[in-house]
Amino acid sequence: MDILTAADLKHELTPQDYQTLTFTDDGIAARCLDRARMVVKGLILSTGNTYDEDDELCRMCVLKRGRVELYLFNGMHETADKEQSDLDLIIRTSYGPIITKNGSADESGPSVAVVKKPNGNVLDRHYGS
């Protein structure tokens, strides 16, 4: 699959909403999508799974977080919080518990589906332990 672009994010919104949220500037959408990619990658890696933007579920998560970033950019914090809650639920139920900075897992319970088992300890791969 191709890398996600502003055009993909544009298709996730109505034309009116996209114009309003981006001020008709595709560069704003691209920057929000870049931030979304970083956030989702961190969330998925924290579950011990592999970030793979070729995976349809991962792409959906990045696009959902892209909308969150657009809402935050426009000061629409309540809407962004609702979208983020939906995203967190999708990640927890699909990938597993999200590990926080202090090393504890969220209290979401077991995952409903596992997308891909990690190769070794994810922390060892990223921090060289």
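Coordinates for the structure precede this section.
Residues numbered from 1 in each chain as written. Predicted model: local features only at pLDDT ≥ 70, side-chain atom pairs only at ≥ 80, totals over all residues. Heavy atoms only, no water.

Asks: Quick question: what am I supposed to make of the side chain of E83 here?
Replies: Note that E83 resides in helix α5 (residues 77-95). Reaching out from E83, the side chain makes a polar contact with the side chain of K64 at a distance of 3.1 Å. In contact with E83, not counting residues within four places along its chain, are K64, R67, V68 and Y71. (Helix = DSSP H or I, 4+ residues; strand = E, 2+ residues; numbered from the N terminus. Polar contact = N/O pair within 3.5 Å; in protein donor to acceptor, adjacent residues only side chain to side chain. Contact = heavy atoms within 4.5 Å.)

Asks: Quick question: what am I supposed to make of the packing of aromatic side chains here?
Replies: Remark: the centre distance and the inter-plane angle together describe each pair of aromatic rings, the angle taken between the planes. This structure, assessed with the given rule, holds 1 aromatic pair. Ring geometry for F23 and F73: centres 6.2 Å apart, planes at 75 degrees, overall edge-to-face. Taken together, the residues F23 in the loop between α2 (15-22) and α3 (26-46) and F73 in helix α4 (residues 56-73) connect sequence positions 50 residues apart. Under the relative-accessibility criterion, F23 is labelled exposed at 54%. By relative accessible area, which is 42% here, F73 ends up partly exposed. (Phe/Tyr/Trp six-rings, centres within 6.5 Å; stacked < 30°, edge-to-face > 60°. Buried < 20%, exposed > 50% of the residue type's maximum accessible area, 1.4 Å probe, protein only.)

Asks: Would you explain α2 in this entry?
Replies: Residues that lie three or four places apart on an α-helix share one face, since the helix turns once every 3.6 residues. Listed as buried for α2 are Y18, L21 and T22. All buried residues of α2 lie within an arc of 85 degrees about the axis, which places them on one face of the element. Packing partners of the buried residues in α2 comprise α1 (6-10), α3 and α4. The positive-phi residue at the C-terminal boundary of α2 is F23, with phi of around 55 degrees. (Arc of directions from axis to C-beta.)

Asks: Please explain the environment of G48 as it appears in this structure.
Replies: In this structure, G48 sits in the loop between α3 and α4. Judged by relative accessible area, G48 falls into the buried class, the value being 9%. For the pair G48 and I99, spaced 51 residues apart in sequence, the C-alpha separation works out to 8.7 Å.

Asks: Hey, could you run me through the nonpolar core in this one?
Replies: Soluble globular proteins tend to bury their nonpolar side chains together. Within the largest apolar cluster, 28 residues are counted, with the highest numbers of intra-cluster contacts made by V40, C61, V62, L70 and I91. Breaking this core down by element, the ones donating at least two residues are α1, α2, α3, α4 and α5. Broken down by element, the residue count for this core peaks at 8 residues, all from α3. Not counting chain neighbours up to four residues away, the residues in contact with I91 comprise L43, T47, C61, G96 and I98. (Core = buried A, V, L, I, M, F, W, Y, C linked by side-chain atoms within 4.5 Å.)

Asks: Looking at this structure, I do not really get the side chain of E53. What am I missing?
Replies: Relative to the helices and strands, E53 resides in the loop between α3 and α4. In terms of polar contacts, E53 uses its side chain to reach the side chain of R37, at 2.8 Å. Setting aside chain neighbours within four positions, we find E53 in contact with I3, L4, R37, C58 and R59.

Asks: Honestly, α3 in this entry has me stumped. Any pointers?
Replies: Helix length check: α3 (21 residues) gives 30 Å between terminal C-alpha atoms against 30 Å at 1.5 Å per residue, within 8%. The complete set of buried residues in α3 reads I28, A29, C32, L33, A36, R37, V40, L43, I44, L45 and S46. By the N-cap criterion, in which a side-chain oxygen at the helix start approaches the backbone nitrogen of a residue two or three places on, α3 is capped by D25, the distance to G27 being 2.8 Å. Phi turns positive, to about 90 degrees, at G48, one or two residues after α3. (Expected span 1.5 Å × (residues − 1).)

Interpretation in functional terms is not warranted from these geometric data alone.
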